[in-house]
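# Inside the fold
This is what each chain is made of:
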Amino acid sequence: VASWEPLNPARAEVVVHAAADGAATRRPVTAALWSVAASRDGSLLWVGTGDRRLAALPVAGGDGRAATLPGIPESLAVADTLVVAGLWLESGAAGVAPDGALRWTLAAPEPARRWEPVLSADGRVLLLRSAVGPDRSDARIARADPATGTLLWERPFPGDDRRLALSADGARIALSSAVLV
């Protein structure tokens with residue numbers, strides 16, 4: 001179990017709690033935390049920080065590895081073969097290999113567009129949910145090639161409180177939203 005205080009530069013750490021007894025291990029990071037996700041096997045915590053870094057921290061302790069990204073990693077999707085960060089301030093997305101190497105970046109055509117990645121469990125299907133500004137207007141859903149970050153298609157995603165899920169095999173997309181009348 002991991003806990004953290006998002007966007008708090010005074011608490012730039014992730015606390016890993018042992019499931020058996022709740023014992024806590026503090027893992028300091030380089031700047032305020034924006035996003036945290038665990039590897040599927042639970043051995044790594046992927047941590048996005050305000051200094052545009054995506055770090056892989058071994059849960060058991062020891063040195064991690066990090067990639068420097070063109071934007072702040074505010075959302076993460078993790079598969080065995082790839083970690084994708086949705087970026088803010090230099091909006092877009094970035095794909096990072098499990099060893100921490102930056103594989104690709106995808107710049108958003110609009111600077112205010114914020115992207116949230118969703119990966120299939122096997123990492124073969126990558127979806128990007130995006131919207132513009134704090135009111136999350138002009139929402140879209142896109143599919144990108146997880147190997148290169150190239151956009152394959154993009155569609156409007158109308159409504160409010162939009163949710164997106166992907167089946168484990170990547171064959172089906174579930175979308176929901178509310179339309180206020």
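Structure's up top.
Residues numbered from 1 in each chain as written. Predicted model: local features only at pLDDT ≥ 70, side-chain atom pairs only at ≥ 80, totals over all residues. Heavy atoms only, no water.

The subject of this paragraph is the pattern of salt bridges. Opposite charge on two side chains lets them pair, provided their charged atoms get close. Throughout the structure, instances matching the rule amount to twelve salt bridges. Here Arg 113 makes a salt bridge to Asp 138, at a shortest N to O gap of 2.6 Å. Pair noted here: Arg 113 is in strand β12 (residues 113-119) and Asp 138 is in strand β14 (residues 137-144), with a separation of 25 residues, a long-range link. As a salt-bridge pair, Asp 138 and Arg 140 come within 2.8 Å of each other at their nearest N and O atoms. Owing to a relative accessible area of 40%, Asp 138 belongs among the partly exposed residues under this scheme. In this structure, a network of salt bridges that share partners links the residues Glu 110, Arg 113, Asp 138, Arg 140 and Glu 154. (Salt bridge = Lys/Arg side-chain N within 4 Å of Asp/Glu carboxyl O. Helix = DSSP H or I, 4+ residues; strand = E, 2+ residues; numbered from the N terminus. Buried < 20%, exposed > 50% of the residue type's maximum accessible area, 1.4 Å probe, protein only.)

Here we take up the sheet that holds strand β6 (residues 53-58). A sheet is described by the order of its strands in space; here four strands give the open sequence β4-β5-β6-β7, paired in antiparallel fashion. Of all strands in the sheet, those bounded by a partner on one side alone are β4 (33-38) and β7 (65-68). Neighbouring strand axes in the sheet, compared pairwise and without regard to direction, differ in orientation by 15° on average. Here β4 pairs with strand β5 (residues 44-49) via five bridges, running antiparallel. For Leu 33, the partnering residue across the bridge sits in β5 and is Thr 49. (Pairing = 2+ DSSP bridges. Axes fitted to C-alpha atoms, helices over the stretch in contact; angles between N-to-C directions.)

Let's shift gears to the sheet that holds strand β3 (residues 24-28). The sheet built from three strands is open, its strands ordered β1-β2-β3 with antiparallel pairing. Looking at which strands have only one partner, the edges of the open sheet turn out to be β1 (2-4) and β3. This sheet shows a mean twist of 25° between the axes of neighbouring strands, independent of strand direction. With five bridges joining them, strand β2 (residues 13-17) and β3 adopt antiparallel strand pairing. The residue bridging Glu 13 from the neighbouring strand is Pro 28, located in β3.

Judged from the six bridges that link them, strand β13 (residues 126-132) and β14 form a sheet pairing that is antiparallel. Counted as the bridge partner of Ser 130 is Arg 140 from β14. Examined bridge by bridge, β14 and strand β15 (residues 151-156) share five bridges and lie antiparallel to one another. Its bridge partner lying in β15, Arg 140 is registered against Pro 156.

This paragraph deals with the side chain of Ser 35. Counting through the fold element by element, Ser 35 comes out in strand β4. Ser 35 gets classed as buried once you look at its relative accessible area, which sits at 6%. Engagement of the side chain of Ser 35 in a polar contact is seen with the backbone oxygen of Pro 73, the distance being 2.6 Å. The contact partners of Ser 35, leaving out residues within four places of it in the chain, are Trp 46, Val 47, Gly 48, Pro 73, Glu 74, Ser 75 and Leu 76. (Polar contact = N/O pair within 3.5 Å; in protein donor to acceptor, adjacent residues only side chain to side chain. Contact = heavy atoms within 4.5 Å.)

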